[in-house]
Amino acid sequence: MKKVLIISSSLRAHSNSDALATAFAEGAREAGHVVECISLKGKEIRFCTACYACKKTGRCVAPDDAPEIISKIQVADVVVLATPIYYYEMCGQLKTLLDRTVSIYNEPYTFRDVYLLATAAEDEPSTPERAFNGLGGWVECFEKARIAGQVFAGGVYEQNTILGHSALETARKMGAAI
Ligand SMILES: Cc1cc2nc3c(=O)[nH]c(=O)nc-3n(C[C@H](O)[C@H](O)[C@H](O)COP(=O)(O)O)c2cc1C
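Residues numbered from 1 in each chain as written. Predicted model: local features only at pLDDT ≥ 70, side-chain atom pairs only at ≥ 80, totals over all residues. Heavy atoms only, no water.

### Observations concerning unusual backbone geometry
And step 1. A positive phi angle, close to 55 degrees, is found at Ala50, a residue other than glycine.
And step 2. For Ala50, the location among the structural elements is in the loop between strand S2 (34-39) and helix H2 (54-57).
And step 3. Residue classification places Ala50 among the partly exposed positions, given a relative accessible area of 40%.
And step 4. The phi dihedral of Tyr88 is positive, around 65 degrees, even though this residue is not glycine.
And step 5. Mapping Tyr88 onto the fold places it in the loop between strand S3 (78-84) and helix H4 (92-100). (Helix = DSSP H or I, 4+ residues; strand = E, 2+ residues; numbered from the N terminus. Buried < 20%, exposed > 50% of the residue type's maximum accessible area, 1.4 Å probe, protein only.)

Shown next as structure tokens:
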């Protein structure tokens, strides 16, 4: 039984990338894992100012929602990051959250397997490359962790257009196989 934390970063209702996150969660739950899903909708996540106050305490001093989310990342076994593709990159709100994890850079953490889920309007295999590379850069900074899998659903622009897309089943199976 693994502790799985899924962070869904799209801020819109009926989000395509959130549907991938839900499918992954369903697979993982069916396989008996403990899954928590966090949406960044309605969360306040300020920019990292590189004040490095966290170097003394392992916790960010900014009084917003990021420290609690980051504490959950720290104690998960599996972390799943879902993002819409914005200008061939991960969305800004996810990057802003990941920047804030500098607070745990020198702290103990349990997560090992990181999964990446992305959606975009364009349907080319290369579309998510920069986003996956960027997320890979974050994973690389946590040396005990690795990218264990990634799912991309292309050709989905409007809300909910992912319904019936084969990537949903891929994400569900990936969740079941962690
Ligand atoms: C600011 C912005 C930038 C986008 N940039 C791209 C892009 O570079 N390539 C692409 O194929 N789609 C792009 N899109 C479309 C979204 O990736 C697409 O609608 C995606 O399914 C949204 O996921 P969501 O429903 O989870 O928010 C962009 C959308 C927005 C709002």
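Once you've had a look at it, read on.
### Notes on the side chain of Arg100
And step 1. Looking at the element boundaries, Arg100 is found in helix H4.
And step 2. Its relative accessible area of 2% is what places Arg100 among the buried residues.
And step 3. For Arg100, the side chain forms a polar contact with the main-chain oxygen of Arg46, separated by 2.9 Å.
And step 4. At 2.7 Å, the side chain of Arg100 forms a polar contact with the side chain of Asp64.
And step 5. If sequence neighbours within four positions are ignored, Arg100 has contacts with Ile45, Arg46, Phe47, Cys48, Cys60, Ala62, Asp64, Ala66, Pro67 and Ile70. (Polar contact = N/O pair within 3.5 Å; in protein donor to acceptor, adjacent residues only side chain to side chain. Contact = heavy atoms within 4.5 Å.)

### Topic: the packing of aromatic side chains
And step 1. Inspection of every chain in the model, using the stated rule, returns seven aromatic pairs.
And step 2. An angle of 55 degrees between the planes, with centres 5.2 Å apart, marks the rings of Trp138 and Phe142 as tilted. The same class applies to Trp138 as to Phe142, namely buried.
And step 3. Taken together, the ring pairs in this structure connect Tyr105, Tyr109, Phe111, Trp138 and Phe142 into an aromatic cluster.
And step 4. Over the ring of Tyr88 we find Arg130; its NZ or CZ atom is 5.4 Å from the centre of that ring. (Phe/Tyr/Trp six-rings, centres within 6.5 Å; stacked < 30°, edge-to-face > 60°. Lys NZ or Arg CZ within 6 Å of the ring centre and 35° of its normal.)

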